[in-house]
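What the coordinates show
Here's the letter readout for the chains.
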Amino acid sequence: MEKAITRFAPSPTGYIHIGNVRSAIYPYLLAKQTGGTFILRIEDTDRARFVEGATDLIKETLLWLGLNWDEGPDIGGPHAPYFQTERKESYIAWAKKLIEKGLAYADPTPSEKIDEYRKADTAKKIPYLYRNHRPEETVEWQEGIPIRFKTTPKSYEWTDEVMGDMKSGPEVLDDIILIKKDGLPTYNFAHIIDDLEMGVTHVIRGQEYLSSMPNYLALYEALEIPRPKFVSLPHILAPQGNKKLSKRDGAKSVTDYKSDGVLPEAMLNYLACLGWNDGTEQEIYTMEELLEKFSLERIQNSGARFDETKLLWVNGMWIRKIHDEEGNDTLYAKIAPEFWPESANNYPEDYRKKVLNIIYDRLKLLSDLKTYTNYFFEEPVVDREMITKNKFLKKMSEDEIKGLLNTVSTRLSGEEDWSADNLQNVLNELLEETGKKPAELFSLIRIAISFAPFSPALPLTLETLGKDRVLARLNML
Ligand code: GLU
């Protein structure tokens, strides 16, 4: 297979959208599986949208997901620098070449005048195209004057690896800006120059750039440079329907999911499968499996719906996978202290590991630990309604409940062997002794020792809490 040179080219605007990250995963996979190069390039020429610290956030997110770049910020590479603002000279040099060839021009038209053109065309109900307003007199270029492409309206044909054979008519071609007033290039121009100079073979990006493709193709032609392969990724759609996912749909940024306790393995897995599948029913993929199975041909060409419930399901599957395949200690090591209830800090690591070992299979997010495990670390707040509203317990009188708890506590206090196995037997014997159904007796004990909406299997919960605490709690009601 031809070595693919791919890039992830984010703009440092601060918010890391789910779709942005997916546009990093596919180029990474393609580069790695072909023994090629994955480049990280920071597209920071839009100074109005620039956010301080955003580049660090991008880098951290990529490293968190295991998408290490081969060339780019911090590590450099043969095509350095990797920040567009540091590559200014190059864009200007290429734009000047176009001016010399008569294919671009310095445009001194003031912005008020441009606004007038736009308004006039809109009033006349004709499409606003700058090429109809090209200035008659050309000026010498100097910094502070934008450079525009001098387009030749014509039709184009091209192939997109995902979208298939594409065609466009002359109506979309325009005199787009190449170099802005501030001397920095537009995205439209800069990415073409960078992709060329960095030897990029596959441009993998969101489908929102498709509509600009004719202008890009005109630029490749004018610059007399080869076209790379184009791979347009389908939109990620909002959960409810056929519109692009946006912040307003409640989709959190990748960083928010990270702080809620989505594991990087799960995020990578979920996003890789959002718009791609290997043709089987498989849903859980490790990075190694993705590297083995990923192919551009199987990227779907219609939008993929973002489904947070599915993301959490994948995360739950990953929590179990890590626990069951690599062990409780490995899972424990992946859980940052802030995911635990604060009171857990007062307990030794071994005890927290024990708690994790019995609760892990209930977790969808690591932050669930905060709400699911606090009664292992602090005294629960008595909430009588949990008893009086419980469908199995509401029929019992206060006295009956006290009596039952008393029987349980007396029996348990005599137990020397506090292992879950023994406790299981004792609980079964208590069922016989009290004549209660498991749903009644076990719900009561569970509530009395936890006051939590659910807990792991009762014998395991009792064993982990320890005899003293269990007896104290049973006697509290
Ligand atoms: N800077 C563009 C963005 O963040 C990148 C598009 C591309 O990959 O070429 O959307």
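Please refer to the structure placed before this passage.
Let us look at the structure shown here. (Residues numbered from 1 in each chain as written. Predicted model: local features only at pLDDT ≥ 70, side-chain atom pairs only at ≥ 80, totals over all residues. Heavy atoms only, no water.)

**A short note on empty space enclosed by the protein**
Considering all chains together, one arrives at three cavities of 30 Å³ or more under this definition. Estimates place the volume of the largest cavity at around 50 Å³. Taken together, D160, V203, R205, Y209, L210, M213, F230, V231 and S232 form the lining of the largest cavity. Among the secondary structure elements, those contributing two or more residues to the lining of the largest cavity are β8 (202-206) and β9 (229-233). Ranked by residues supplied to the lining of the largest cavity, first place goes to β9 with three residues. Of the residues assigned to the lining of the largest cavity, the class counts are six nonpolar, one polar and two charged. (1 Å grid on protein atoms, 1.4 Å probe; cavity = no way out; pocket = protein on both sides within 12 Å on 5 of 7 lines; lining within 4 Å. Points joined across faces, edges and corners; volume = space filled by probe spheres on them. Helix = DSSP H or I, 4+ residues; strand = E, 2+ residues; numbered from the N terminus. Nonpolar A, V, L, I, M, F, W, Y, C, P; charged D, E, K, R; others polar.)

**What to know about the site of the ligand**
Taken together, R7, A9, P10, S11, E43, Y187, R205 and Y209 make up all the residues around the ligand. Within the contact set of the ligand, a nitrogen atom lies 2.9 Å away from a side-chain nitrogen or oxygen of S11. Placement of the ligand is best described as lying within the largest pocket. A per-class count over the shell around the ligand returns four nonpolar, one polar and three charged. (Near = heavy atom within 4 Å. Polar contact = N/O pair within 3.5 Å; in protein donor to acceptor, adjacent residues only side chain to side chain. Sits in = over half its atoms within 2 Å of the grid points.)

**Section: the layout of surface pockets**
There is about 1,000 Å³ of room inside the largest pocket. What lines the largest pocket is a set of 41 residues, among which S11, N20, R49, E208 and Y209 lie closest to the centre. Put simply, the parts of the chain that give the lining of the largest pocket at least two residues each are β1 (5-8), α1 (18-33), α2 (54-65) and β8. Considering each element in turn, the lining of the largest pocket owes the most residues, five residues, to α1. Looking at the lining of the largest pocket, its residues break down into 17 nonpolar, 14 polar and 10 charged. Space inside the second largest pocket adds up to approximately 310 Å³. As for the second largest pocket, its lining consists of 18 residues, and the residues nearest its centre are D107, I114, Y130, R148 and I177. If you tally residues by element for the lining of the second largest pocket, the top one is helix α4 (residues 111-123), at three residues. Of the residues assigned to the lining of the second largest pocket, the class counts are nine nonpolar, three polar and six charged.

**With respect to the side chain of R41**
As for its placement among the helices and strands, R41 is situated in the loop between β2 (37-40) and α2. On the basis of relative accessibility, which here comes to 0%, the residue R41 falls in the buried class. Side-chain polar atoms of R41 contact the side chain of E43, separated by 2.9 Å. Every residue in contact with R41, bar those within four places of it in the chain, is listed here: R7, F8, A9, P10, Y82, Q84, H191, D194, D195 and M198. (Buried < 20%, exposed > 50% of the residue type's maximum accessible area, 1.4 Å probe, protein only. Contact = heavy atoms within 4.5 Å.)

**Section: the environment of N328**
Among the secondary structure elements, N328 is positioned in helix α11 (residues 328-333). For N328 and L356, which are 28 residues apart along the polypeptide, the C-alpha to C-alpha distance reads 7.5 Å. Apart from residues lying up to four places away in sequence, N328 is in contact with H323, K353, L356 and N357.

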